[in-house]
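# Secondary and tertiary structure notes
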Amino acid sequence: MRYLFFCFAVFAMHLSSAQFAYQSHSFDGQNLKVECSAGVLDIMPFTAMMVKCTFRPAGSEARQLSNAVIGEAASLKVKLHEAADKLTLRWGKFKLELEKEHLGLRYFYDGRLLTETDSPYFEKDGNIGLRFGLQAGEKIMGAGFRALPMNRRGERLNLYNEPHYGYGMGSPDLNFSIPYVQSSRLYGLFVDNPQKGYLDIGKSDSSRMEWGFIGGELSYYVIAGERWPQVMESYSRLTGTQPLPPRWAFGNFLSRFGYKSAKEARHMIDTMKQLYFPLDAIVIDLYWFGKGVHDSFYMGNFEWDREAWPDPAAMIAGFRKEGVKTVLIMEPFIMKESKNFSYCAAKGLLASDAHGDPYVIEDFWFGPTGLLDIFKPEAQEWFWKQYEKQKKLGVAGWWGDLGEPEKHPSEVRHVNGTADEVHNLYGHWWSKMLFEKYAENYPDERLFHLNRSGFAGSQRYAVFPWSGDVSRSWSGLKAQLPVMLGMAMCGIPYMHSDLGGFAMGRKDEELYTRWMQMGTFNPIYRPHGSGIPSEPVFFSEETKQITRKYINLRYRFLPYNYTLAREAESKGLPLMRPLFFDEPDNEALYDINDTYLWGEQILVAPVVDSGQGIRSIYLPKGTWINFHTDERIEGGRWVDVPVYIYDMPIYVRAGSILPMALPVNSMDDYRSETLEIRFYPGEADSTYSYVMYDDDGKSKDAYKKGAYELLTIRVHQGQESWEISSSRGGGNFEGRPEERRFMLSFHGVREAPEKIVFDGTEYWVPRPGKKLKKGAKQANYNPGSGRIFIRTSR
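Read on for a plain summary of the structure. If you're wondering where the values come from, they're calculated on a predicted model, not measured in any experiment. (Residues numbered from 1 in each chain as written. Predicted model: local features only at pLDDT ≥ 70, side-chain atom pairs only at ≥ 80, totals over all residues. Heavy atoms only, no water.)

## With respect to the overall build of the protein
- On a plain count of helices and strands, the protein comes out with 12 helices and 46 strands.
- Relative to its length of 794 residues, the protein is compact, with a C-alpha radius of gyration of 28 Å against a globular reference of 28 Å.
- Taking the principal axes of its C-alpha atoms as reference, the protein extends roughly 90 × 70 × 50 Å.
- Counting the 794 residues in the protein, one finds 62% classified as buried.
- If you take every contact in the protein between residues at least 6 apart in sequence, the share linking residues at least 24 apart comes to 69%.
- Put simply, the protein shows about 30,000 Å² of open surface, and 49% of that area lies on carbon and sulfur atoms. (Helix = DSSP H or I, 4+ residues; strand = E, 2+ residues; numbered from the N terminus. Rg over C-alpha atoms; globule rule 2.2 N^0.38 Å. Buried < 20%, exposed > 50% of the residue type's maximum accessible area, 1.4 Å probe, protein only. Contact = heavy atoms within 4.5 Å. Areas by Shrake-Rupley, 256 points an atom, 1.4 Å probe, with all protein chains shown as cover.)

Set out below in structure tokens:
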């Protein structure tokens, strides 16, 4: 029996090889077109570090439904060499070899093999697809939102956005799939096909990565680089970067499922303020719709329940005066009981069945419902009008829920295809609609839009996805790290979780504390849950104190975090970065799922196990300084660190300069006139620098308009003296400080210099038995803690 199977497999391969045998080619100086009996293979060197390949089967009329790619091919000098058995393309450090026998491709960069294919495409079980070779020891990351370890080799993943209530670690298929993976061989692979499919990363065949789809165009991009930032920047130029958020988005959110009235929302804001918790936003869940006749919600009405919310405009304005912005939920399902169903059905705004009639989803969890056909311009226009009504009441941000869509039967038809063809694009098109309507109607305002689903390129539409209905459990907490890091590596920089957990579970002070600590160094800080209150005011005094301390720390980190956001906008670099981002050749780092870098300078090691007393942490190469104790530790190794409930391990890279703000109660109160500049000494006789980005925190495209400032801090760490300088560049904007006051602090100082010079002014460091000159300015030095403080101005 084995012999027969083997013969069949060889025979099938033989047929495939004959089908794909080379017939002819044409070359225009950059692009190569190769013909075979099965179709046409187009090879387009896209940039110095990227190539695009598309196979068009003979007789196929595949449509490209995706708009993920916005980058344009560069003009390149490409050399073609033809041999009897292969064609070779070369440009820069890139080399591509095509075997004529079966059109197999091999991709090289700087002399190293990246990946290879044995044929241009395959057909199997009603799917078409692509296969790529996997090398021994190669690790594969990415593919979007997956509650799996970072290395996803050995998994078979669905390429289909779907929610899972109460998930934890080990859930492979969730709300936001992206057909983009990264390899430990230092390349990225983006398959630009949004249709329903799967990705088998060596599960069926350990030597192959297989992509299958129900249809669509077979286009993919191989992206090479020498370091991960290069690969990330190339992918971001291809699919776009996330615009800078409004500054308030980095603050603390009030959110739960859900506030049932204006009175309850008012009470929660007052309670948070009375207990001295900084606050910037409140999220209003679906209770604002009011209840329907079957005790469900009138989803689709988009009008306030005036019994519970008697004067929403006054409420929103009152919150806003206190620095609290209102974020409102919107959903694309129009229930049959809602007042808008008949109108939307009559106007053809709903997704339809095979006969063109509105498709009613009978088993929707709130009752029978229709679904807006978000791909129809008329449906987009009507949906936008519902937004605009609330925008005029003062709503500052939006929460787009159920956008997978959560219920989307295969029989549903949209204006551009069947449900399974366009399902993965639904949330993406929703975000696109809202972004473009803001650009048209509010061109100077930055959009804030929570949406839990999307596709490659959704980041350019200002989407802030959250990780769905995660379980309130240690498994749920542990899952968030590879979830956020995996999405970050796929170009989605603002993935975050419902802090504290959303679904099921019980009230657990330790779990809540650890989740809230981790959230301090997450893109968005938004506690949210159901059944159990998610606000810190409902927890013990100890938990309140710890949480308050970490929320205040997040506000103090605003200058650093905001600069990271600008880096994400300009280069596509994520705020959260896996440890291998720094050491791509260290294979062991690809298996670390519980520690990450926050920007380039901060390492965060959340505690994700109950009752943990010792935390094993890998510190990358170099010297690291404990943020809490200022202890200096050499990296490039594992360290065991005692952990206590009141703190989470945080380390700062030696040589780092950190700008920190004064504590504020709302981002509305933030001013950059006074900053603490922290320096964590590196090597003697070295120079370090940091560039802080600042603007008014609200105007769209501030950098493009020149309405920004760059504050540069340089430190030369000499043997006897440290020289610090500050300089300002950029343009002007409302609120730009005329001058700044600096508090300089130095942490982890082993050998203090004799003096510190800041912008030409000398500050002498006191030494035992040595008197200072009369009138000399003095630094405050504590040899025991290794800290130096100077208060100065600019």
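Still to come is the rest of the account.
## Examining the environment of glutamate 388
- Inspection of the secondary structure assignment puts glutamate 388 in helix H6 (residues 377–391).
- Residues glutamate 388 and asparagine 441 lie 53 residues apart in sequence; the distance between their C-alpha atoms is 9.3 Å.
- Leave out the neighbours within four places in its chain, and glutamate 388 touches Asn441 and Tyr442.

## Quick notes on the packing of aromatic side chains
- The final tally for this structure, using the stated rule, is 62 aromatic pairs.
- Taking 5.9 Å as the distance between ring centres and 50 degrees as the angle between the ring planes, the aromatic pair formed by phenylalanine 679 and tyrosine 688 counts as tilted. Neither residue differs from the other here; phenylalanine 679 and tyrosine 688 are each classed as buried.
- In this arrangement the basic side chain of arginine 156 is found over the ring face of tyrosine 198, its NZ or CZ atom lying 4.0 Å from the centre.
- One residue, lysine 196, lies across the ring of tyrosine 160, its end atom 5.0 Å from the ring centre. (Phe/Tyr/Trp six-rings, centres within 6.5 Å; stacked < 30°, edge-to-face > 60°. Lys NZ or Arg CZ within 6 Å of the ring centre and 35° of its normal.)

## A look at unusual backbone geometry
- Following phenylalanine 257, the chain continues into glycine 258 via a peptide bond in cis, with omega recorded as -20 degrees.
- Among the structural elements, glycine 258 can be located in the loop between strand E19 (253–254) and helix H3 (262–274).
- Residue glutamate 404 is joined to proline 405 through a cis peptide bond whose omega torsion reads 0 degrees.
- Along the chain, proline 405 falls in the loop between strand E24 (397–400) and strand E25 (413–414).
- Despite not being glycine, alanine 143 shows a phi value in the positive range, around 70 degrees.
- Within the fold, alanine 143 resides in strand E12 (residues 140–144).

## Quick word on the nonpolar core
- Counting 200 residues, the largest nonpolar core has Trp288, Trp309, Leu372, Phe521, Trp598, Ile602 and Phe746 as the members making the most contacts within it.
- Broken down by element, this core gets its largest block of residues, 9 residues, from helix H9 (residues 474–489).
- Not counting the four nearest positions on each side in its chain, phenylalanine 746 is found in contact with Phe679, Trp722, Ile724, Ile756, Gly786, Arg787, Ile788 and Ile790.
- The next biggest cluster of nonpolar side chains, apart from the first, holds 47 residues, and it includes Val34, Cys53, Ala143 and Tyr220. (Core = buried A, V, L, I, M, F, W, Y, C linked by side-chain atoms within 4.5 Å.)

## Brief notes about the environment of phenylalanine 289
- Looking at the secondary structure, you find phenylalanine 289 in the loop between strand E20 (281–284) and helix H4 (312–321).
- The spatial distance from the C-alpha of phenylalanine 289 to the C-alpha of tryptophan 309 is 9.7 Å, given a sequence separation of 20 residues.
- What phenylalanine 289 contacts, discounting residues up to four positions off in sequence, is Tyr298, Met299, Phe302, Glu303, Asp305, Ile329 and Glu331.

## What to know about the sheet that holds strand E4 (residues 50–57)
- Within the open sheet, the 8 strands sit side by side as E1-E2-E3-E4-E18-E15-E14-E12. Their pairing is antiparallel. Single-partner strands in this sheet number two, and they are strand E1 (22–27) and E12. Strand-to-strand, the axes of this sheet are offset by a mean angle of 15 degrees, without reference to chain direction.
- Here strand E3 (residues 39–47) pairs with E4 via 8 bridges, running antiparallel. When the bridges of E4 are listed, aspartate 42 appears paired with threonine 54.
- Relative to the sheet, helix H2 (residues 228–239) contacts E3, E4, strand E14 (177–183), strand E15 (187–191) and strand E18 (218–224), its axis offset from that of E15 by approximately 20 degrees. (Pairing = 2+ DSSP bridges. Axes fitted to C-alpha atoms, helices over the stretch in contact; angles between N-to-C directions.)

## With respect to the sheet that holds E19
- The sheet built from 6 strands is open, its strands ordered E19-E20-E21-E24-E27-E28 with parallel pairing. Two strands lie at the open edges of the sheet, namely E19 and strand E28 (463–464), each paired on one side alone.
- Pairing between E19 and E20: 2 bridges, direction parallel. Of the residues in E20, the one forming a bridge with phenylalanine 253 is alanine 281.

On their own, these measurements won't tell you what the molecule is for.
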